[in-house]
Amino acid sequence: MASAPLPLEPSPIRFGTDGWRGILGVDVTLERLLVVAAAAARELERAAPAALTSREVVIGYDRRFLAPELAEAIASAVRGADLEPVLTDSAVPTPACSWAVVERGALGALVITASHNPPEWIGLKIKGHFGGSVEEAFTADVEKRLEAGGITVPIPGDTPRFDGWGGYLAGLRQLVNTGALRRGLEEMGLRVIVDPMHGSAAGGLPALLGAGSVAGSGPGEEASDGPDEECIEEIRSWRDPLFGGHPPEPLAPYLQELIAAVRASGEAGRPAVGIVFDGDGDRIAAIDERGRYCSTQLLMPLLIDHLARARSLPGAVIKTVSGSDLMQLVAEGLGRPVIEKPVGFKYIASEMLAGGVLVGGEESGGVGFGLHLPERDALFAALLVLEALVEGGLPLGERLDRLQADHGGASAYDRLDLRLRDMASRERLERQLAQDPPTSVAGWPVQEVVSTDGVKLRLGPSHWLMLRFSGTEPLLRLYSEAASEVRVGEILAWARQFAETA
């Protein structure tokens, strides 16, 4: 299959929902990256609390092409900003960098990653001194620095390195009794099959569950012992900068090998659960024992129930407007307030920084927890999902079926990304939705129009369509929840036709 032609001009340097990303060699070049890293480092210094006297900036990277080399290069930009870079000694999940910032008392972190984007992409994420993504006002100030054109000369040198995995894994073990979790899984006879999608979370879950030791290069590179296949198995764990030819995004079309492995284990008499992480380990999805794909639309309600009921932890539930109604039903059934925000984890993180949050999550796989960092952390989420299964004594599919039955019955969900003809088409459709939204969808009357983010057309309980535009390109994201997969398909087909003929 032929690749799309490269754009001939780079895109402007603009920060999105979590960092600056683009095509390697076109949008993100070494020259541009050095300037952005220097501006980000200076802004971390300026924004630091007065009591924070550290001059350290943590630098991490994922497994993409040239990521280690680019991480070393931006250390020179940090030195040029008269700050002190410290570099992870291997590829690590992005949350490990956030953990290191807090543990070391650093100014923040710069992480070379393009997260779940296609293989030809690369980027830079910025983490603040609090251990989470910086807010929009921060990145706006970084962009102002870039526009002002200040000169920072990179200073070559030897960058101190540290074990980016060790403290992070030790911290997670303080939050979850991983020994008891491993024993519980063995008693259930439940096998765990992990798919890190060739990304930097590879080796992490087997190491946490004691199924293999960690080599000096960290589990993100090589494990010295293979996992115990009686309890846990890891597939696609080796570094592949092409990610098998697909974006390292935890979506069902890219997980056929994991789905097949889970089904094969069940057919062999050993029920299994599949756990999948995105390219930099901050997004999660799962495959239940029947081979069903389970996004955070299903995992979030399970986590809400487990943390609020079984662990009796305090706090509110934060969901995005594209999140399943089941999240709200489970939370309200347990007496927990629900706060609905626009799409983007930065809105959830701001609530977490304010305190009083049990769990916050978005439909694309990012989940954060009030007892942890104000940050998405897929490895920690995986531990809690497995802990919930052990506590309930049921495999994932049965556990979710029971949860849905107790809170209004089953529902289905899907999302479709639709590329429009051009920006003019997008702007025309956006105006129409704002001024004259549909009064019915696929034969059902619209009961409510919600404009928190895009346009959400509510047709009834757990029955809705949401249309949301990308901020930078002619891309329309269509989301739907309904009582069955057939109904969801009908709604998305209607939405596609509506958008293409508007």
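Everything here concerns the structure above.
Source: prediction; values computed, not measured.

A. Here's a closer look at the sheet that holds strand 21 (residues 463-469). Read from one edge to the other, the open sheet built from five strands follows the order 16-22-21-20-19, with strand pairing classed as antiparallel. Only two strands of the sheet have a single neighbouring strand rather than two, namely strand 16 (412-419) and strand 19 (448-450). Going across the sheet, the axis of each strand differs from the next one's by a mean of 15 degrees, ignoring polarity. Note: strand 16 against strand 22 (residues 475-482), eight bridges, orientation antiparallel. Directly across from Asp417, in strand 22, lies its bridge partner Arg477. Where helix 14 (residues 423-435) meets the sheet, it contacts strand 20 (455-460), strand 21 and strand 22, and its direction lies at approximately 135 degrees from that of strand 21.

B. Molecular detail of the nonpolar core. By size, the foremost hydrophobic cluster in this structure holds 67 residues, and its most contacted members are Leu205 and Phe277. The dominant element in this core, judged by the number of residues it contributes, is helix 12 (residues 378-392), at eleven residues. In this view, Leu205 contacts Val192, Val194, Ile232, Ile275, Phe277, Leu379, Ala382, Leu383 and Leu386; residues no more than four positions away in its chain are not counted. Counting 38 residues, the second-largest nonpolar core is a separate cluster that includes Ala38, Ala67, Ile112 and Ile126.

C. Representation of helix 14 in the model. Compared with the 18 Å implied by 1.5 Å per residue over 13 residues, the 18 Å span of helix 14 between its first and last C-alpha is a close match. Every buried residue belonging to helix 14 is among Ser425, Arg426, Leu429 and Leu433, and all of these are buried. One side of helix 14 carries all its buried residues, which in axial view fall inside an arc of 100 degrees. Projecting away from the buried face of helix 14 at angles above 90 degrees are the exposed residues Ala434 and Gln435. Looking at where helix 14 begins, the residue whose side-chain oxygen comes 3.3 Å from the main-chain nitrogen of Ala424 is Asp422.

D. Spatial organisation of the packing of aromatic side chains. Counted according to the given criterion, the structure contains four aromatic pairs. The lysine or arginine in question, Arg104, covers the ring of Phe162, its NZ or CZ lying 4.7 Å from the ring centre. The residue whose ring lies beneath Lys456 is Trp464, and the NZ or CZ to ring-centre distance is 4.2 Å.

E. Spatial organisation of the sheet that holds strand 5 (residues 121-127). Taken together, the six strands give an open sheet; going across it, the order is 1-5-4-2-3-6, and neighbouring strands pair in mixed fashion. Taken across any chain shown, the strands that pair with only one partner, and hence form the sheet edges, are strand 1 (20-23) and strand 6 (161-162). For strand 3 (residues 84-88) and strand 6, the ladder comprises two bridges, and the chain directions are parallel. Bridge pairing in strand 6 places Thr88 opposite Phe162. Strand contacts of helix 2 (residues 67-80): strand 2 (56-61), strand 3, strand 4 (108-112), strand 5 and strand 6, with the helix running at about 165 degrees to strand 2, the strand carrying the most contacts. Strand contacts of helix 3 (residues 94-104): strand 2, strand 3, strand 4, strand 5 and strand 6, with the helix running at about 165 degrees to strand 2, the strand carrying the most contacts.

F. Spatial organisation of helix 15 (residues 485-501). Relative to the 24 Å expected for 17 residues at 1.5 Å per residue, helix 15 spans 24 Å between its end C-alpha atoms, a close match to the ideal helical length. Of all the residues in helix 15, the buried ones are Arg487, Val488, Ile491, Leu492, Ala495, Phe498 and Ala499. Axial view of helix 15: buried residues confined to an arc of 130 degrees, hence all on one face. Projecting away from the buried face of helix 15 at angles above 90 degrees are the exposed residues Glu485, Val486, Gln497 and Thr501.

G. Quick peek at unusual backbone geometry. The backbone of His198 sits at a positive phi, close to 65 degrees, despite the residue not being glycine. Locating His198 in the fold gives a position in the loop between strand 7 (191-195) and helix 7 (204-208). Positive phi is not limited to glycine here, since Ala442 has a value of about 50 degrees. Its relative accessible area of 22% is what places Ala442 among the partly exposed residues.

H. Fine view of the packing of helix 1 (residues 30-47) against helix 4 (residues 136-148). For the pair helix 1 and helix 4, the least separation of the axes is 9 Å and the interaxial angle reads 125 degrees. Considered as vectors, helix 1 and helix 4 are oriented oblique to each other. The hand of the helix 1/helix 4 crossing is right-handed. Facing Val35, Val36, Ala39, Ala40, Arg42, Glu43, Leu44, Arg46 and Ala47 of helix 1, the residues of helix 4 in contact are Phe138, Asp141, Val142, Arg145 and Leu146.

I. Expanded view of the pairing of strand 13 (residues 338-341). Pairing of strand 12 (residues 316-320) with strand 13 involves four bridges; the strand directions are parallel. Considered in strand 13, the bridge of Lys319 is made with Glu340. Between the parallel elements strand 12 and strand 13, the chain passes through helix 10 (residues 325-333) in a crossover that is right-handed.

J. Main features of the side chain of Asp18. Structurally, Asp18 is set in the segment before strand 1. At 3.0 Å, the side chain of Asp18 and the side chain of Ser133 are in polar contact. Among residues more than four places away in sequence, those in contact with Asp18 are Lys125, Lys127, Ser133, Asp282 and Arg376.

K. Highlighting the packing of helix 9 (residues 296-310) against helix 13 (residues 396-406). One way to put it is that helix 9 packs onto helix 13 with a least axis distance of 10 Å and a crossing angle of 80 degrees. Our classification of the angle between helix 9 and helix 13 gives roughly perpendicular. Residues Leu298, Leu299, Pro301, Leu302, Asp305 and Arg309 of helix 9 touch helix 13, and the partners they reach there are Leu396, Arg399, Leu400, Leu403 and Gln404. Classifying every residue of the contact of helix 9 with helix 13 gives seven nonpolar, one polar and three charged.

About the thresholds
Sequence order sets the numbering: in each chain, residues are counted from 1 along the sequence as written. Local features in a predicted model are, by the rule used here, given only for residues with pLDDT of at least 70; side-chain atom pairs are given and counted only at 80 or more, and totals for whole chains, interfaces and linings are based on all residues. Water and hydrogen atoms play no part in the side-chain values, which are based on all heavy atoms of the structure. Here a strand pair is declared whenever DSSP counts at least two bridges between the two strands. Numbering of helices and strands runs from the N terminus, with a helix taken as a DSSP run of H or I at least four residues long and a strand as a DSSP run of E at least two residues long. Lines fitted to C-alpha atoms define the axes here, with helix axes fitted over just the stretch in contact, and angles between the N-to-C directions of these axes take values from 0 to 180 degrees. Residue contacts are defined here by distance: any two heavy atoms, one from each residue, within 4.5 Å place the two residues in contact. Definition used in this section: a nonpolar core is a set of buried Ala, Val, Leu, Ile, Met, Phe, Trp, Tyr and Cys residues joined via side-chain atoms within 4.5 Å. The buried label applies to any residue whose accessible area, calculated with a 1.4 Å probe on protein chains only, is under 20% of its type's maximum; exposed applies above 50%, and partly exposed to all values in between. Multiply 1.5 Å by the residue count of a helix minus one, and that product is the helix's expected span. Throughout, the arc means that of the directions going from the helix axis to the C-beta atoms. Contacts described as polar in this section are N or O atom pairs within 3.5 Å, which, within protein, must combine one atom able to donate a hydrogen with one able to accept it, while residues neighboring in sequence count only if both atoms come from side chains. Only rings of Phe, Tyr and Trp enter the pairing, Trp through its six-membered ring, and a pair is recorded when the two centres are within 6.5 Å. The plane angle decides the type: under 30 degrees is stacked, over 60 is edge-to-face, the rest tilted. Whether a charge sits over a ring depends on NZ of Lys or CZ of Arg being within 6 Å of the ring centre and within 35 degrees of the ring normal. For classification purposes, an angle smaller than 35 degrees is called roughly parallel, one larger than 145 roughly antiparallel, one from 65 to 115 roughly perpendicular, and anything else oblique. Crossing chirality is assigned from the near helix's rotation relative to the far helix, an anticlockwise turn below a right angle marking it left-handed and a clockwise turn marking it right-handed. Whether a crossover is right-handed comes down to one check: with the strands pointing away from the viewer, does the path from the first strand over the helix to the second run clockwise; if it does, it is right-handed. Amino acid classes used here: Ala, Val, Leu, Ile, Met, Phe, Trp, Tyr, Cys and Pro are nonpolar; Asp, Glu, Lys and Arg are charged; the rest, including Gly, are polar.

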